Amino acid sequence: MKINGLQFNQRCEFGTFQNTDYDVNGQMKQEFVPEFKVWFGYRQQTISQQYELEGLGESEIKIIAIRHNSEIKHGLYCKIKDDLFMVATNSSDERVGNGLNSYDVITLRRVEKRGETHAK
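Overview of the structure. (Residues numbered from 1 in each chain as written. Predicted model: local features only at pLDDT ≥ 70, side-chain atom pairs only at ≥ 80, totals over all residues. Heavy atoms only, no water.)

### Comments concerning the overall build of the protein chain
Here comes step 1: The secondary structure content of the protein chain amounts to one helix and seven strands.
Here comes step 2: Helices and strands in the protein chain line up, N terminus first, as β-β-α-β-β-β-β-β.
Here comes step 3: Looking at the protein chain as a whole, 35% of its 120 residues are labelled buried.
Here comes step 4: Put simply, of all contacts in the protein chain between residues at least 6 apart along the chain, 57% involve residues at least 24 apart.
Here comes step 5: Split by element, the accessible area of the protein chain, about 8200 Å² in all, is 45% carbon and sulfur. (Helix = DSSP H or I, 4+ residues; strand = E, 2+ residues; numbered from the N terminus. Buried < 20%, exposed > 50% of the residue type's maximum accessible area, 1.4 Å probe, protein only. Contact = heavy atoms within 4.5 Å. Areas by Shrake-Rupley, 256 points an atom, 1.4 Å probe, with all protein chains shown as cover.)

Next comes the structure, spelled out in structure tokens:
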């Protein structure tokens, strides 16, 4: 897949959740805490991929490309504007090392809040 680094014109934050305080019901509140930001570009899903995901009940999937980053792991959270996603898969290109021409294609699954996948 050919990736043009000039298409990385969007910004997102990767991070985790941390306990912050208790709410009025005595439940521990958790807050998204960004660890690092990266530039990314959206990757287009084929019609076949979209139908397959719909059939699996996975309609809230985004695919993005970033410059290679070894910190991206399954289960890490990603915030794009006000939307929260979880890293589902990371197809990392390490053939040329960590240079400028190696990219990761990341599949993100939308979540309502930590641990809960968004469902329509």
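### As for the pairing of strand β5 (residues 83-92)
Here comes step 1: In this sheet, β5 lies alongside strand β4 (residues 77-80) in antiparallel orientation, the contact comprising four bridges. Counted as the bridge partner of C78 is F85 from β5.
Here comes step 2: Once β4 ends, the chain turns through two residues before running back antiparallel as β5, passing K81 with a positive phi of about 55°. (Pairing = 2+ DSSP bridges.)

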